[in-house]
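Residue-level listing of the chains:
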Amino acid sequence: GLGRFVAALAAHGIDAVGVDISEIAIAEAKREYPGPTYCVADLMQPLPDELRGFDGLVSLSSSFGFGATVAEDEAMLRAYHEALRPGGKMAMELSDLERSRHRLKTDEGVVERETNGVAETLDVDFSTGMLHVRYVYGDDVVDSRIRMYEADDLQRMAEAAGFHGVERYGNF
C-alpha cells in the first residue's frame, strides 16, 4: 500500500514492513512515510527469505481476494502463513459477502455512491463473490476487482492454509 498503516505501526514502536506489488506504491510510501522498511513483492508468492519469521501480519482491505482463481487466493493464504514465525498471528480487515449484502442493501445490481468527492460504482456478483469497483476522482479512474468470500468459507480457507484458532471480530 501507500505506507500509512506501516507508518502508524512504526510510530508505536513496532518493527513493521510494508509490502506491495507496485513499485510506484512503494516509492510513494517511502516518500510520504520514510522510516519503515518497504519491499516490492508479489503476495501471491512466498516472500523472500529475509522477509520471513514475522510475529504478526496485517492484511488490509483489498490485499486479499485479488487472485484470478480461488486456488490463487488459497496460495496467498499459504504464503501469508509461511511469512510468520511459528505461533505468529495474522489480522485481516476485509468485507465478506454477508457484510457486503448488508452494506449495499441489495443482492443484485449496481450501487453508485459518492464520498469525499470520489464517485464509486460497485457491482457485486454474489453468485461468484466477485466485486468490481470503479473509483472516479476528477480525471482519475481506478478499477478494482476482488473476490469476496462468505465468512465461514474464508475461515475454512485460513485453517487449511495452516492458521489455527481463527477468530472473527466486528459486526455490521
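Whatever comes next refers back to the structure up there.
Just so we're clear, the structure is a prediction, and the values are computed from it rather than from any experiment.

(A) Inspection of the nonpolar core at higher detail. If you look at the biggest cluster of nonpolar residues, it comprises 20 residues, and the most contacted ones within it are L47, F54, F64, M76, L77, Y80 and F163. Of all the secondary-structure elements, those providing two or more residues to this core are β3 (54-60), α3 (70-83) and α5 (151-160). Take this core: its biggest share by element is four residues, from α3. Not counting the four nearest positions on each side in its chain, L47 is found in contact with V19, A41, R52, F54 and A83. Within the second largest apolar cluster, ten residues are counted, among which are L104, V111, V124 and I146.

(B) Spotlight on the sheet that holds strand β6 (residues 118-125). Within the open sheet, the four strands sit side by side as β5-β6-β7-β8. Their pairing is antiparallel. Edge positions in the open sheet fall to β5 (110-115) and β8 (140-147), since each of these has one partner strand only. Across this sheet, the average inter-strand angle for adjacent strands is 15 degrees, counted without regard to direction. Pairing between strand β7 (residues 130-137) and β8: eight bridges, direction antiparallel. In the sheet register, Y137 faces β8, and the bridge partner there is D140.

(C) Local environment of the packing of aromatic side chains. For the coordinates displayed, the defined rule picks out one aromatic pair. With a centroid separation of 6.0 Å and an interplanar angle of 40 degrees, the aromatic rings of F64 and Y149 are classed as tilted. One end of the pair, F64, is in the loop between β3 and α3; the other, Y149, is in the loop between β8 and α5, and 85 residues separate them in sequence. For F64, a relative accessible area of 3% puts it in the buried group.

(D) The side chain of D20, seen in detail. As for its position among the elements, D20 is in strand β1 (residues 17-20). No salt bridge is formed by the buried D20, whose closest oppositely charged neighbour, R4, lies at an N-O distance of 9.5 Å. Other than its neighbours up to four places away in sequence, D20 contacts G1, A25, I26, C39, V40 and A41.

(E) Inspection of the layout of surface pockets at higher detail. In this model, the largest pocket occupies a volume close to 1,400 Å³. Lining of the largest pocket is provided by 38 residues; of these, G1, V19, V58, L60 and S63 occupy positions nearest its centre. If you list the elements that add at least two residues to the lining of the largest pocket, you get α1 (4-11), β1, α2 (23-32) and β3. When the residues that make up the lining of the largest pocket are grouped by side-chain class, the tally is 23 nonpolar, nine polar and six charged.

(F) Quick peek at the packing of α3 against α5. Where α3 meets α5, the axes come as close as 9 Å, and the angle between the chain directions of the two elements is 55 degrees. As judged from the angle between their axes, α3 and α5 are oblique. Here α3 and α5 pass one another in a crossing that is right-handed. When α3 is examined against α5, the residues D73, E74 and L77 are found in contact with a partner set consisting of L154, M157 and A158. Residue composition of the contact of α3 with α5, grouped by class: four nonpolar, no polar and two charged.

About the thresholds
Residues numbered from 1 in each chain as written. Predicted model: local features only at pLDDT ≥ 70, side-chain atom pairs only at ≥ 80, totals over all residues. Heavy atoms only, no water. Core = buried A, V, L, I, M, F, W, Y, C linked by side-chain atoms within 4.5 Å. Buried < 20%, exposed > 50% of the residue type's maximum accessible area, 1.4 Å probe, protein only. Helix = DSSP H or I, 4+ residues; strand = E, 2+ residues; numbered from the N terminus. Contact = heavy atoms within 4.5 Å. Pairing = 2+ DSSP bridges. Axes fitted to C-alpha atoms, helices over the stretch in contact; angles between N-to-C directions. Phe/Tyr/Trp six-rings, centres within 6.5 Å; stacked < 30°, edge-to-face > 60°. Lys, Arg positive; Asp, Glu negative; His and termini not counted. Salt bridge = Lys/Arg side-chain N within 4 Å of Asp/Glu carboxyl O. 1 Å grid on protein atoms, 1.4 Å probe; cavity = no way out; pocket = protein on both sides within 12 Å on 5 of 7 lines; lining within 4 Å. Points joined across faces, edges and corners; volume = space filled by probe spheres on them. Nonpolar A, V, L, I, M, F, W, Y, C, P; charged D, E, K, R; others polar. Parallel < 35°, antiparallel > 145°, perpendicular 65-115°, else oblique. Left-handed = near helix turned anticlockwise from the far one by under 90°.

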